[in-house]
Amino acid sequence: MTSGRKWWRWAASALLPLALACTRETGPEGAATAGASALGGGSSLAELMQKRGLNEADVVAALKTYTPSGKHDEYYLFASGGHGGNLIVIGVPSMRILKYIGVFTPEPWQGYGYGDQTMELLKQGSRDGKMLTWGDMHHPALSESAGEYDGQYLFVNDKANPRVAVVSLRDFATTQIVASELIESEHGSTFVTPDTDYVIETSQYPAPLGGRYADVTKFNDEYRGATIFWKFDRARGRIVPEESWAMELPPYMQDLADAGKLVSDGYVFINSINTERAYGGNLEGNPPLESGVSQNDMDYLHVINWKKAEQVVKAGRTKVIAGMRVIALETAVAEGLLHFVPEPKSPHGVDVTPDGKDIVVGGKLDTHATVFSFEKIKALIAANTFVGKDPYGVPILPFQEAIRGQCEIGLGPLHTQFDNEGFAYTSVFIESKVAKWSLKDLKLVDKLSTHYNIGHLVAAEGDTVSPDGRFLVAMNKWAIDRFAPVGPLLPQNFQLIDPVGPKMQMLYDAPIPLGEPHYAQMIKADKIKPVEIYKPAGMNALTHEKDPFAVEGGKERIERKPDGVHVYMTAVRSHFTPDIIRVKQGDTVHLHITNIEQAKDATHGFTVGSQNIHVSLEPGKHANVTFVADKPGVYPMYCTEFCSALHLEMAGYFLVEPK
Ligand code: CUK
Ligand code: CUA
């Protein structure tokens, strides 16, 4: 995307002197006005810079992010909301927050979790029959076609309660949550194969598979990891659990994962830590888990041939655990589906280069980024060149023969992203820096300080086969002194970086006050074409089909049926029809509400006081709400979006007559 880079250079070299020249001409007037108010209108650029203590680099940074009113951003950043459980959509380069998307956690503004459809969705995500209203979201993954983001879907994971959700980018809404009871926690999730055949979810903390009980002292024999290949049906926009399968793994802590692409398509690479198989017990005479897991110099990069594994599944060589077809560890070994390559001490990130040829691993307790060569790994496997086996019989390849080399990065390298010029960008946690290095000769090029404790970083189209080489966002865990204090719980800090050129430049700090976003993906904005209204009116936002209870204007009614009172309502500026609803104490009430508007942004909300009910009715959307009117009384109902001059009048009464 050289045009973008040209713009930046132009902005830096041309616009600034131009602006300064303009201010010189209008200087005296500006000075007069500026005297009146510190930063007020009419101040000249030079004076503003002086008054605000900005230097030329600051102004260049500002010009690279500033996005005038009405102008759209060039990229969407989809950031996980961490333990907030919901997604955050941010425009880049402005870093303006565009939307939160309810996923694992109720999102009241969107009525997410307060009406029938979205309640049903949250219930889909139940585990062991328990409905969960929060999640620990780590890694959003955009759907891909031939290794490029295609702008259709987004997948996200829940580390705490192993689940995967599907978000439709037609309307930026969650449409499905799947939960397997095979595993008890996860982390290497979600990652997609290059055509989104599969969405990968890998366990983190080993446990007996399928929710069985076994004491932790039986760790080596009874505890296991597993990686799930969720089958995605693109045409239906749904994960198909019946067509999904998994592979049993040794009881190490499997960590991040990445799918091969181009030459390495058909493979998945998963990091692991705790090949020591420590399980804690610091009150029981064992070392604490943190020291137990860091004894070995090497852990194992798991190399999985998923295309071959798929054939093994098709041949029926699986066992069923918790309803999921699972390739047993012995089968995976016997069929040559799983190999290990040693990787330096406590690795974290594993990232496949855009050409698919190399796999970059960051070792938390190692100072290098290690670059594994897929070609070498493949040749070693083909020649059965193994240095040994792990206790479960998994063949181990020789480390030195499997790598192309290492780049000295600094203290605590974690995750790596790529640009279009052969550079890699690795987050360096302990040093709080981004390291830029050359993939060709594995030489460090530049380092830039971040604030503070950078975790992931994300580059524009950075996980695709053709990254854009534009913006970079550092996702920092600690903010410390960056923002006005807000008490002990601080926001996270996203820092926008211009990665182009010999020196990276810090452009902007954006506080993120919703959970801890671990990872994000950044997609070119013109790849996403969301609907503006639901058409035809009466659409169920989950199924994207007309809801069976959709209501047409003029057909509003109240019907008493054996299962309760059905109220067929419409919403249109500025009234609900009907606006008086009478029920008897104890009645089950089914509200069916269609927003029959077809004008952009004509959203209504609906609530009935004291019933914990709220739905968002975007233009054309239909919502169903079921509740029991158990307390007699008079409950005002009203529209919760300031939709028109008569918004306050968009109200009515819900009357519950005593028995
Ligand atoms: S992450 Cu999940 S612990 Cu580095 Cu991908 Cu933050
Ligand atoms: Cu409709 Cu306010």
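Quick note: structure is the one above.
Small disclaimer: the values here were computed from a predicted structure and weren't measured.

Engineer: An account of the nonpolar core is needed here, citing residue identities and associated values.
Structural biologist: Within the largest apolar cluster, 46 residues are counted, with the highest numbers of intra-cluster contacts made by Met247, Phe269, Ile327, Leu338, Ile359, Phe372 and Ile377. The residues contacting methionine 247, other than those within four sequence positions of it, are Gly225, Ala226, Thr227, Ile304, Ala309, Val326, Ile327, Ala332, Leu337 and Leu338. Core analysis: the next-biggest nonpolar cluster, separate from the first, contains 26 residues, Val565, Ala623, Met637 and Cys639 among them.

Engineer: Which residues make up a nonpolar patch on the surface, and what are the values?
Structural biologist: A cluster of nonpolar side chains, Ile580, Val634 and Tyr653, forms an exposed patch at the surface whose accessible area comes to about 280 Å². Checked against the element boundaries, tyrosine 653 lands in strand β45 (residues 651-657). Here tyrosine 653 falls in the partly exposed class, since its relative accessible area comes to 44%.

Engineer: Please set out the site of ligand 1 residue by residue, giving values where relevant.
Structural biologist: In the vicinity of ligand 1, the contacting residues are His138, His139, His187, Leu256, His348, His415, His456, Lys477 and His518. Across the shell around ligand 1, the residue classes tally to one nonpolar, seven polar and one charged.

Engineer: Describe the packing of aromatic side chains, with residues and values.
Structural biologist: Counting across every chain of the model gives 21 aromatic pairs. With 5.1 Å between their ring centres and 35° between their planes, phenylalanine 219 and tyrosine 223 make a pair best called tilted. Over the ring of tyrosine 198 we find lysine 231; its NZ or CZ atom is 5.0 Å from the centre of that ring. Just above the ring of tyrosine 75 sits the side chain of lysine 524; from NZ or CZ to the centre is 5.3 Å.

Engineer: Which residues make up the sheet that holds β45, and what values go with them?
Structural biologist: If you trace the five strands from one edge of the open sheet to the other, you get β39-β45-β44-β41-β42, paired in mixed fashion. With one partner strand each, in any of the chains shown, β39 (580-584) and β42 (615-617) form the two edges of the open sheet. Sheet twist, expressed as the mean angle between neighbouring strand axes with direction ignored, is 20°. Judged from the five bridges that link them, β39 and β45 form a sheet pairing that is parallel. Its bridge partner lying in β45, lysine 584 is registered against glutamate 657.

Reading the values: rules and limits
- Residues numbered from 1 in each chain as written.
- Chains lettered and ligands numbered in written order.
- Predicted model: local features only at pLDDT ≥ 70, side-chain atom pairs only at ≥ 80, totals over all residues.
- Heavy atoms only, no water.
- Core = buried A, V, L, I, M, F, W, Y, C linked by side-chain atoms within 4.5 Å.
- Buried < 20%, exposed > 50% of the residue type's maximum accessible area, 1.4 Å probe, protein only.
- Contact = heavy atoms within 4.5 Å.
- Patch = residues over 30% accessible without salt bridge, like charges linked within 9 Å, V, L, I, M, F, W, Y side chains within 5 Å.
- Areas by Shrake-Rupley, 256 points an atom, 1.4 Å probe, with all protein chains shown as cover.
- Salt bridge = Lys/Arg side-chain N within 4 Å of Asp/Glu carboxyl O.
- Helix = DSSP H or I, 4+ residues; strand = E, 2+ residues; numbered from the N terminus.
- Near = heavy atom within 4 Å.
- Nonpolar A, V, L, I, M, F, W, Y, C, P; charged D, E, K, R; others polar.
- Phe/Tyr/Trp six-rings, centres within 6.5 Å; stacked < 30°, edge-to-face > 60°.
- Lys NZ or Arg CZ within 6 Å of the ring centre and 35° of its normal.
- Pairing = 2+ DSSP bridges.
- Axes fitted to C-alpha atoms, helices over the stretch in contact; angles between N-to-C directions.

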